[in-house]
Amino acid sequence: MVQLLTPAGERVEHPDYDVALEPEELLGLYRDLVLVRRVDTEANALQRQGELGLWAGLLGQEAAQVGSGRALRPQDHAFPTYREHGVAWCRGVDPLGILEIFRGTSHGGWDPVAHRLHPYTLVIAAQLLPAVGCAMGVQRDGAVGTGDPGRDTAVIGYLGDGATSQGEASEALQWAAVFNAPVVIFCQNNQWAISEPVSVQARVPLHRRADGVGVPGVLVDGNDVLACLAVTRAALDRARSGGGPTFVEAYTYRMGAHTTSDDPTRYRSAAEVDVWRAKDPIDRFRRYLESEGLLDEDFTTALEAEAEQLAEHLRAGVRELPEPAPLAMFDHAYAEPHEQVEEEREEFAAYLASFDAAPSGGDPHQQPATVAGRTR
């Protein structure tokens, strides 16, 4: 397993992977980790207060997401699941846009073209085939292997350990291999697919699955932000240069619940969580920065204040989100006008209008509504 920082925060060497970062870049990574965790903490609290319908947390997976997210170049594309809040942060997405989705006021809180972050995907592994397809498109557009760092483009597709059992994951990996697509398949193995342990997903380490289709597989310490950055950067560079796909398994742990509707105490022990809490990715990186004399009180105090401001932005912003217009659901069903969709819009508009037309105290559901020349 590729590791550049031990759980105690000690810097170690690896023969194949390394990163050389300036102090400002190291502090920037630490800022990312702290603020991404604060977003997660605040969103979890907002859901408990009834402000969000659901929240899928990332507690414990910050290093895997920030490390891989910061390896991306502006022209690269990222295809997330529903938990890549750290990747969204690295792509410049306002976290309030993520909360819009979980509040139910938006189907997507950012512009995928502007951020090169495609919409969150709830259907397990469904994002991987579009990721490979996008990579094949980039390849055919001549944006691979040109030697121009501002043009050469790669794609990264995220999945969890449970998603490796889905057919789409195998199909995507096979297509990526056969067409030498410039894509990185980044698996965050957080040990639990809801209540199912990774042991029921595979009898071998997940990155070994890439062997069967001739794709390099790399195992990286997912709680080590430097290792995740180094491995993902190398895989993306390989893809951009025309070297083809890579499967990365980031070995990490979901310290919280699968979502706020989940109770992890029903299927895993507190002792297991304690073992992984000792490997906390933020604590590990903080110890390293302190040992290097890079983390001082002024920086820490300013970061705490920034985290508080971010939390207030989320609290106030969520409560001010406008309720979506009911008819808006029809606006983006198709790129062009569609006869059936327009008819459905008219029917639903008439249904909504029937509430206003109902007599006081009456039940609008009992009122006949005439739509498109017929009564229902």
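Participant: What exactly am I supposed to notice about the pattern of salt bridges here?
Facilitator: Any two side chains of opposite charge can pair, given that their charged atoms come close. Inspection of every chain in the model, using the stated rule, returns 22 salt bridges. When the shortest N-O distance is used, the salt bridge between Glu51 and Arg319 registers 3.4 Å. Taken together, the residues span a long stretch of sequence, with Glu51 in the loop between α1 (23–48) and α2 (62–69) and Arg319 in helix α11 (residues 297–320) at a distance of 268 residues. Taken together, the shared-partner salt bridges connect Arg38, Glu42, Glu308, Glu312 and Arg315 into one network.

Participant: When you look at the side chain of Gln191 in this model, what are you seeing that I'm missing?
Facilitator: Its location among the elements puts Gln191 in the loop between β3 (183–189) and β4 (192–193). A polar side-chain atom of Gln191 sits 3.0 Å from the main-chain carbonyl oxygen of Thr252.

Participant: Looking at this structure, I do not really get the nonpolar core. What am I missing?
Facilitator: Here is a general trend for soluble globular proteins: nonpolar side chains tend to be buried in one another's company. Core analysis: the biggest nonpolar cluster contains 68 residues, and Ile98, Leu99, Leu226 and Phe285 have the highest contact counts within it. Excluding its chain neighbours within four sequence positions, the residues that come into contact with Phe285 are Leu5, Leu26, Leu29, Tyr30, Leu33, Val225 and Leu226. Counting residues in hydrophobic clusters, the runner-up holds 28 residues, among them Ala125, Ala181, Ala210 and Val215.

Participant: Which parts of the structure should I look at to understand the packing of aromatic side chains?
Facilitator: When we look at a pair of aromatic rings, we describe it by the centre distance and by the angle of the planes. Counting across every chain of the model gives twelve aromatic pairs. Centre to centre, the rings of Tyr253 and Trp276 are 5.1 Å apart; their planes meet at 10°, and the pair counts as stacked. Taken together, the positions of Tyr253 in the loop between β7 (246–251) and α9 (270–277) and Trp276 in helix α9 put the pair 23 residues apart, joining distant regions of the chain. By relative accessible area, which is 11% here, Trp276 ends up buried. Here the aromatic residues Phe330, Phe348, Tyr351 and Phe355 are joined through ring pairs into a cluster of three or more. Above the plane of the ring of Trp276 lies Lys279, whose end atom (NZ or CZ) is 4.3 Å from the centre.

Participant: Sorry, what's going on with helix α7 (residues 167–178) here?
Facilitator: Think of an α-helix as 3.6 residues a turn; residues three or four steps apart then line up on the same face. Taking 1.5 Å as the rise per residue, α7 with twelve residues should run 16 Å; its terminal C-alpha atoms sit 17 Å apart, in good agreement. When α7 is considered as a whole, its buried residues turn out to be Ala169, Ala172, Leu173 and Ala176. Down the axis of α7, the sector holding all buried residues measures 95°, keeping them to one side. Elements that come into contact with the buried residues of α7 comprise α6 (128–140), β2 (155–160), β3 and β7.

Participant: Got a minute to help me understand the packing of α2 against helix α8 (residues 225–240) in this structure?
Facilitator: A packed helix pair is summarised by two numbers, namely the angle formed by the two axes and the spacing between the axes. Closest axis-to-axis distance for the α2/α8 pair is 7 Å, and the angle between their directions is 40°. Here α2 and α8 pass one another in a crossing that is right-handed. Side by side, α2 and α8 meet where Ala63, Ala64, Val66, Gly67 and Ser68 of the first sit next to Val225, Cys228, Leu229 and Thr232 of the second. Partitioned by chemical class, the residues of the contact of α2 with α8 number six nonpolar, three polar and no charged.

Participant: Would you take a moment to explain a nonpolar patch on the surface for this structure?
Facilitator: A cluster of nonpolar residues, Leu129, Trp175, Val178 and Phe179, forms a patch on the protein surface that exposes about 360 Å² of accessible area. Secondary-structure assignment places Leu129 in helix α6.

Participant: Honestly, unusual backbone geometry in this entry has me stumped. Any pointers?
Facilitator: Note: most residues except glycine have negative phi, and most peptide bonds are trans. Positive phi values are uncommon outside glycine, yet Ala125 reaches one of about 70°. Along the chain, Ala125 falls in the loop between α5 (112–115) and α6. A relative accessible area of 2% places Ala125 in the buried class. For Asn180, which is not a glycine, the phi torsion comes out positive at approximately 50°. Secondary-structure assignment places Asn180 in the loop between α7 and β3.

Participant: What is the right way to read the pairing of β7 from this model?
Facilitator: When a strand is regular, its side chains alternate between the sheet's two faces. Taken across its six residues, β7 has five buried, putting it largely inside the fold. Of the pairings in the sheet, the one linking β3 to β7 comprises six bridges and is parallel in character. From the neighbouring strand, Phe186 faces β7, where its bridge partner is Val248. Here strand β6 (residues 217–221) runs beside β7; their pairing, made up of five bridges, is parallel. Pairing of Leu219 across the sheet is with Glu249, part of β7. Following the backbone out of β6, through α8 and into the adjacent parallel β7, one traces a crossover that is right-handed.

Participant: For this particular structure, what's the right way to read the sheet that holds β3?
Facilitator: Either a parallel or an antiparallel arrangement is found when strands of a sheet pair, and the pairing is made through backbone hydrogen bonds. Taken in spatial order, the five strands of this open sheet run β1-β2-β3-β7-β6, and their pairing is parallel. The open sheet has two edge strands, β1 (77–79) and β6, and neither has a second partner. If you compare each strand with its neighbour and ignore which way they point, the axes differ by 20° on average. Helix-sheet contacts for α2 involve β2, β3 and β7, and the interaxial angle to β3 is about 165°.

Participant: For this particular structure, what's the right way to read the environment of Leu33?
Facilitator: For Leu33, the position within the fold is in helix α1. You can call Leu33 buried: its relative accessible area is 0%. Between the alpha carbons of Leu33 and Pro281 there is a distance of 8.4 Å; along the sequence they are 248 residues apart. Not counting the four nearest positions on each side in its chain, Leu33 is found in contact with Glu62, Ala63, Val66, Val225, Pro281, Ile282 and Phe285.

The rules behind these values
Residues numbered from 1 in each chain as written. Predicted model: local features only at pLDDT ≥ 70, side-chain atom pairs only at ≥ 80, totals over all residues. Heavy atoms only, no water. Salt bridge = Lys/Arg side-chain N within 4 Å of Asp/Glu carboxyl O. Helix = DSSP H or I, 4+ residues; strand = E, 2+ residues; numbered from the N terminus. Polar contact = N/O pair within 3.5 Å; in protein donor to acceptor, adjacent residues only side chain to side chain. Core = buried A, V, L, I, M, F, W, Y, C linked by side-chain atoms within 4.5 Å. Buried < 20%, exposed > 50% of the residue type's maximum accessible area, 1.4 Å probe, protein only. Contact = heavy atoms within 4.5 Å. Phe/Tyr/Trp six-rings, centres within 6.5 Å; stacked < 30°, edge-to-face > 60°. Lys NZ or Arg CZ within 6 Å of the ring centre and 35° of its normal. Expected span 1.5 Å × (residues − 1). Arc of directions from axis to C-beta. Axes fitted to C-alpha atoms, helices over the stretch in contact; angles between N-to-C directions. Left-handed = near helix turned anticlockwise from the far one by under 90°. Nonpolar A, V, L, I, M, F, W, Y, C, P; charged D, E, K, R; others polar. Patch = residues over 30% accessible without salt bridge, like charges linked within 9 Å, V, L, I, M, F, W, Y side chains within 5 Å. Areas by Shrake-Rupley, 256 points an atom, 1.4 Å probe, with all protein chains shown as cover. Pairing = 2+ DSSP bridges. Right-handed = clockwise from strand over helix to strand, strands pointing away.

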